[in-house]
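Structural overview
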Amino acid sequence: MQGLIFRTQRGDFTGLNAHLEITGENPRVVGLRVCTSDESEKSARGYIISGDTEIAAYWLQHSLPVVIMVYEHERKKIFYEPVNTENLELAGRKWELVIPYENEYNNDAAQEIKNLTCTSPYLARLALDKALIELINQGREIFLELDEWINQPSSRGNLRICITGQDGGVYQWPFEINPDVPQVLRLPELFPWAAISIDEEFYSARNFHDFDANTLAPYIIESGEIARFRFKLELNSLGKSFLNAEPYICRGIFPALNQQNISYGDEYESGLKFQLFKKI
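Residues numbered from 1 in each chain as written. Predicted model: local features only at pLDDT ≥ 70, side-chain atom pairs only at ≥ 80, totals over all residues. Heavy atoms only, no water.

Attention shifts here to the overall build of the chain. The helix and strand inventory of the chain stands at nine helices and 15 strands. With 280 residues in all, the chain has 43% of them scored as buried. Relative to all contacts within the chain whose residues are 6 or more apart in sequence, the contacts with residues 24 or more apart total 61%. Of the roughly 16400 Å² of accessible surface on the chain, 49% is carried by carbon and sulfur atoms. (Helix = DSSP H or I, 4+ residues; strand = E, 2+ residues; numbered from the N terminus. Buried < 20%, exposed > 50% of the residue type's maximum accessible area, 1.4 Å probe, protein only. Contact = heavy atoms within 4.5 Å. Areas by Shrake-Rupley, 256 points an atom, 1.4 Å probe, with all protein chains shown as cover.)

What follows is about helix H4 (residues 130-137). Of all eight residues that make up H4, six are buried, and the element is covered over most of its length. Taken residue by residue, H4 has Lys130, Ala131, Leu132, Ile133, Leu135 and Ile136 as its buried positions. Downstream of H4 by a residue or two, Gly139 has a phi angle that is positive, lying close to 100°.

Applying the stated rule across the entire model yields 14 salt bridges. Across the salt bridge formed by Arg230 and Asp199, the nearest N and O atoms sit 2.7 Å from each other. Here Arg230 is found in strand S15 (residues 226-235), whereas its partner Asp199 is found in the loop between strand S13 (194-198) and helix H6 (200-205), with 31 residues between them in sequence. By the burial criterion, Arg230 is buried, and Asp199 matches it. The residue Glu222 makes a salt bridge to Arg228 at a minimum N-O spacing of 3.0 Å. (Salt bridge = Lys/Arg side-chain N within 4 Å of Asp/Glu carboxyl O.)

Take the packing of aromatic side chains next. Following the criterion strictly, the structure yields 12 aromatic pairs and no others. Taking the centre distance of 6.2 Å and the plane angle of 75° together, the rings of Phe79 and Tyr101 count as edge-to-face. Taken together, the positions of Phe79 in strand S7 (residues 77-82) and Tyr101 in the loop between strand S9 (94-100) and helix H2 (107-114) put the pair 22 residues apart, joining distant regions of the chain. The class for Phe79 is buried, based on a relative accessible area of 2%. Between the NZ or CZ atom of Arg206 and the centre of the ring of Phe202, over which it lies, the distance is 3.6 Å. Seen from the ring of Tyr219, Arg206 lies directly overhead, with NZ or CZ sitting 6.0 Å from the centre. (Phe/Tyr/Trp six-rings, centres within 6.5 Å; stacked < 30°, edge-to-face > 60°. Lys NZ or Arg CZ within 6 Å of the ring centre and 35° of its normal.)

Before going further, it helps to spend a moment on the sheet that holds strand S1 (residues 4-8). Sheet architecture is open: five strands sit in the order S1-S2-S3-S6-S7, paired in mixed fashion. Single-partner strands in this sheet number two, and they are S1 and S7. Taking the axes of each pair of neighbouring strands and ignoring which way they run, one obtains an average angle of 30° across the sheet. Across six bridges, the pairing between strand S3 (residues 28-36) and strand S6 (residues 66-72) is parallel. Paired with Arg33 across the strands is Ile68, a residue of S6. Contacts from H2 reach S1, strand S2 (18-22), S3, S6 and S7 within the one sheet, and its direction differs from that of S7 by about 25°. (Pairing = 2+ DSSP bridges. Axes fitted to C-alpha atoms, helices over the stretch in contact; angles between N-to-C directions.)

We now examine the sheet that holds strand S5 (residues 46-52). If you trace the four strands from one edge of the open sheet to the other, you get S4-S5-S9-S8, paired in antiparallel fashion. The open sheet has two free edges, formed respectively by strand S4 (41-42) and strand S8 (89-91), since each of these has just one partner strand. The pairing of S5 with S9 spans seven bridges and is classified as antiparallel. Bridged to Asp52 within S9 is Lys94.

Below, the discussion takes up the nonpolar core. With 32 residues, the main nonpolar core has Ile142, Leu159, Ile161, Phe191, Trp193 and Leu233 as its most contacted residues. Broken down by element, this core gets its largest block of residues, five residues, from S15. Membership of the second largest hydrophobic core comes to 17 residues, among which are Ala56, Val70, Trp95 and Leu97. (Core = buried A, V, L, I, M, F, W, Y, C linked by side-chain atoms within 4.5 Å.)

Encoded structure:
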């Protein structure tokens, strides 16, 4: 649908496997958990999705709205339900959410999803890219490939994210820009946590010799029409800071106090309150 870009996500602890980028005057992002009807339990009210409470707690504290969608193969329909404290049922270490049959995804639903409350679209941008940020922090290499028609203005762009390693792969990254803006200029906005440079090894193998710290040139322009780029992503100061702050900002986890190596004074620790606490 116009104004919405669907992107799949690498699976990780968040329980989200996709997200919607809402373009326009007030761009935002919505996290998605997309399931099939085969993965869901069918009830009189709708499809029932369940999982561990750890995931539910993460969603409720997330910096962006979370929506669960169920695709029904038989009728080729999609049903949806936002995640919030009112409709999420908790039972022990499990949660359940009913995706009502009347909540069919259509133009009206798209508008409702656009209006969901988002704490911070900027923090959401970082939270959604956490898996990529962590991979780079672990020493994995991530590259971007961009092909652009340099003489044909277009508001639609597409990147390929190339992740090295055994469980890596190539992932499509569609996006929208002002048609008059060169697509390469959008990269800092799409990847604010990354230091972007050309892949020198890749460029050298293709006889590119104009290496410079400030060069983000294509390695080839085919037929004077298609510029082809390949970039390497590394963490900038924002990406590194996010890794340190994310456990608290997104999940409420703060650094644990190492109580074994700290003394609070004999008189204070001899008090009843402290003694009772030590026995818990």
